[in-house]
Amino acid sequence: MPKVRRRRERTGAMRSGPINENSVYSRPMHLDANQVGFRWRLQREMIRAGEAARDYLAMLPFIASFTILVQNDVISLGAAMAATSLARLCQLKFHENYNLFLNLTRLDQQYHDIPFDEEAENRSTTPRMPRQHIRLNTWSEYECRRFTGFKRHELIRLYTCFDLVGQTSANGRIRVPNGGGQFHNFHPEELFLFVMAKCRLGFTNLDLCDLIFGGQASVWSHGFPWILRYLDNRYETILCHQGLGRFASRFHYFYTQIERYCQRALDYYDINGTLTHINVGLIYLPFIIFGFIDCSVFRVYRPFSSTVNQFYAGSQRNPRYHDAQRAVYTGWKKFHGIKIETVMLPNGLSTVYGPVSARVFDTTGVAVMSGIDQFLQVLMQGWNITYYLFGDGVYNTSTLSRIRSYFRTYRRVDVLTRDQIVVNQRLKACRELIEHTYADLQNIFRLCPLPSNFKLGQSHPYAQSQLRVCFLLYNCYVCLHGNSTCCYQKFNCLPPPLEDYLDPNMTF
């Protein structure tokens with residue numbers, strides 16, 4: 001049972017409720033721990049009575065054959081009397097268990113099934129929306145912005161760069177296998193608009209079909225994962241940290257833009273608009289940095305969250321799924337999630353690694369698995385100047401030679417100098433922009449903050465590809481619209497054109 005919230009002794013204020021009390025995975029506990037659910041007991045007796053009736057019915061042919069042998073004087077009279085008694089006993093037991101099975105089934109229907117009249121009253125009389133066959137020229141300009149976050153001409157540019165037409169068959173459709181030896185045929189424009197609308201709105205396949213696309217939602221359970229895998233494999237070298245090599249020639253320009261922002265003086269005004277004081281910027285930036293690195297955790301559904309007994313609401317969770325659930329549980333955030341490592345450049349674009357389990361630590365786990373430190377060492381081998389990434393305080397470790405962090409003290413008697421404090425303040429203002437990137441991603445593509453869209457316990461999970469595709473679409477959004485990082489008020493570093501960014505062979 002959930003814990004009872006108590007009040008504080010001094011103030012009388014209500015204490016913060018325990019986390020388990022507000023959990024979305026909590027189940028109703030309408031029975032005591034020592035009791036057994038009525039429905040579970042009822043259906044257990046139904047199974048027992050049905051199996052007994054089946055066994056007695058299976059014995060009747062053998063007893064009938066034995067009776068025929070008695071009538072033909074093949075066996076003795078005593079055996080005949082025993083066979084007759086056994087036949088009558090099997091008939092009685094069969095009818096007894098069969099009637100018990102019917103009565104229990106009727107009782108289970110009476111207590112637990114929805115009455116036919118109530119089902120008829122609540123049955124939807126509205127027919128399902130037929131397949132709309134939506135194309136790029138179907139939606140208005142407003143619908144394009146509302147359903148996808150992009151304008152129509154921007155969608156056409158994205159559709160051309162994704163080259164979905166090259167994946168079509170002779171009939172102009174994309175053939176997606178359904179796992180049963182058959183195929184679903186999708187028009188490339190409809191498949192493209194579906195993934196854009198799903199990432200933007202965060203709706204389920206059923207909601208998208210009922211509200212926008214029409215038709216059966218089951219066909220999209222094969223089409224949506226297909227296009228996610230296609231985009232993930234096509235732009236893998238662009239989206240992963242390997243894509244930093246395309247911007248290697250602009251590392252010095254990125255550093256100068258970051259330094260220029262740190263050298264700018266900041267004016268502070270009071271509530272009346274009067275200038276109070278001016279913070280003079282840095283003379284120079286002590287770290288030669290070209291970007292920022294951070295990790296973010298996205299919440300997912302608890303994987304394999306079934307119970308030992310499906311009919312008992314108070315049943316314990318299945319112990320065989322304990323390891324799978326703990327594998328993605330983070331004690332820091334107190335939920336199940338996946339973690340992704342992001343490197344943000346001053347032009348607003350990001351490269352990612354992952355996602356991996358949220359249990360993994362940033363420096364000793366994710367950074368080691370991604371190999372970002374070794375990759376930068378190899379990339380800048382032979383350069384006259386060594387450029388670094390900048391991370392928050394958790395990256396202040398000696399194990400990462402190409403990542404820098406804030407100035408800090410290692411003993412209690414040590415004190416930071418005034419210049420070091422000023423440098424930390426200015427770098428915090430720079431580094432917080434990568435946090436704005438995560439906020440923009442979840443605001444623009446509402447698929448990301450919903451745990452119901454990230455299910456790792458499926459037979460063919462696509463949660464990882466789904467998150468990477470959302471980051472890819474966000475980079476495309478930055479190429480078209482920009483963001484708070486690349487604007488003139490911050491780093492004033494424009495991103496490349498969309499076609500150049502999505503070209504794997506293009507360097508900058």
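Definitions and cut-offs
Residue numbers here run from 1 along each chain, matching the order of that chain's written sequence. Totals for whole chains, interfaces and linings use all residues, but because this is a predicted model, local features are given only for residues with pLDDT of at least 70 and pairs of side-chain atoms are given and counted only at 80 or more. Calculation of side-chain values draws on the structure's entire complement of heavy atoms; hydrogens and water are dropped beforehand. Angular values range over 0 to 180 degrees, each being the angle between N-to-C directions of two axes fitted as lines to C-alpha atoms, with helices fitted over their stretch in contact. Counting from the N terminus, the helices are DSSP H or I runs at least four residues long and the strands are E runs at least two residues long. Any angle from 65 to 115 degrees is called roughly perpendicular, while one under 35 is roughly parallel, one over 145 is roughly antiparallel, and all others are oblique. When the near helix sits turned anticlockwise from the far one by under a right angle, the crossing is termed left-handed; a clockwise turn instead gives a right-handed crossing. Working rule for contacts: check all heavy atoms of both residues, and any pair within 4.5 Å makes them a contact. Put simply, Ala, Val, Leu, Ile, Met, Phe, Trp, Tyr, Cys and Pro go in the nonpolar bin, Asp, Glu, Lys and Arg in the charged bin, and everything else, Gly too, in the polar bin. Should a side-chain nitrogen of Lys or Arg be within 4 Å of a carboxyl oxygen of Asp or Glu, the pair is scored as a salt bridge. A simple rule labels every residue: compare its accessible area, found with a 1.4 Å probe on the protein chains alone, to the largest value its type can have, and call it buried under 20%, exposed over 50%, or partly exposed in between. We call a set of buried Ala, Val, Leu, Ile, Met, Phe, Trp, Tyr and Cys residues a nonpolar core when their side-chain atoms join them within 4.5 Å. What counts as a ring pair is set by centres within 6.5 Å for rings of Phe, Tyr and Trp (its six-membered ring), and what kind of pair is set by the plane angle: stacked under 30 degrees, edge-to-face over 60, tilted for all other angles. Whether a charge sits over a ring depends on NZ of Lys or CZ of Arg being within 6 Å of the ring centre and within 35 degrees of the ring normal.

**What to know about the packing of helix α5 (residues 152-162) against helix α6 (residues 188-201)**
Logical step 1: Contact geometry of α5 with α6 gives a least axis separation of 11 Å together with a crossing angle of 115°. On the basis of their axis angle, the class for α5 and α6 is roughly perpendicular. Between α5 and α6 lies a crossing whose hand is right-handed. Contacts from L155, L158, Y159 and F162 of α5 reach α6 at P188, E189, F192, L193 and M196.
Logical step 2: Each residue belonging to the contact of α5 with α6 can be placed in one class, and the counts come to 8 nonpolar, no polar and 1 charged.

**Quick word on the pattern of salt bridges**
Logical step 1: Enumeration according to the criterion identifies 10 salt bridges in this entry.
Logical step 2: R157 serves as the salt-bridge partner of E499, at 2.9 Å between the closest nitrogen and oxygen. Of this pair, E499 sits in helix α16 (residues 498-501) while R157 sits in helix α5, placing them 342 residues apart in sequence.
Logical step 3: The exposure class of E499 is partly exposed, given its relative accessible area of 35%.

**Quick notes on the nonpolar core**
Logical step 1: Counting residues in hydrophobic clusters, the biggest one holds 110 residues, and the most contacted among them are F192 and L502.
Logical step 2: Not counting residues up to four positions away in its chain, the partners in contact with F192 are L136, L155, L158, Y159, F162, L164 and I227.

**Quick look at unusual backbone geometry**
Logical step 1: Across the junction of G354 and P355, the peptide omega takes the value 5°, indicating a cis bond.
Logical step 2: The residue P355 is located in strand β8 (residues 350-357) in this model.
Logical step 3: Positive phi outside glycine occurs at D163, with the angle close to 55°.
Logical step 4: In this structure, K334 is a non-glycine residue whose phi angle is positive, near 65°.
Logical step 5: Along the chain, K334 turns up in the loop between β6 (329-330) and β7 (335-344).
Logical step 6: Among the residues examined, K334 registers a relative accessible area of 42% and is labelled partly exposed.

**Observations regarding the packing of aromatic side chains**
By convention here, two paired aromatic rings are described through the distance between centres and the angle between planes.
Logical step 1: Using the criterion set out here, one finds 29 aromatic pairs in the structure.
Logical step 2: Aromatic pair W139 and F147: ring centres 5.1 Å apart, planes at 65°, arrangement edge-to-face.
Logical step 3: Take W139: its relative accessible area is 5%, and that puts it in the buried class.
Logical step 4: For the pair F224 and Y462, a centre-to-centre distance of 5.7 Å together with 80° between the ring planes defines the contact as edge-to-face. Separated by 238 residues along the polypeptide, F224 in helix α8 (residues 220-234) and Y462 in the loop between α14 (418-444) and α15 (463-481) bring together distant segments of the chain.
Logical step 5: F224 sits in the buried class, given a relative accessible area of 0%.
Logical step 6: Using a relative accessible area of 18% as the deciding quantity, one classes Y462 as buried.
Logical step 7: Three or more aromatic residues link up through ring pairs in this structure, and these residues are W139, F147, F186, F194, F213, W220, F224 and Y462.
Logical step 8: Over the ring of F183 we find R175; its NZ or CZ atom is 4.1 Å from the centre of that ring.

**What about the environment of Y253?**
Logical step 1: Among the secondary structure elements, Y253 is positioned in helix α10 (residues 251-263).
Logical step 2: Along the sequence, Y253 and P346 sit 93 residues apart, while their C-alpha atoms lie 9.5 Å from each other.
Logical step 3: Non-local contacts of Y253, meaning those with residues more than four positions away in its chain, are made with N492 and C493.

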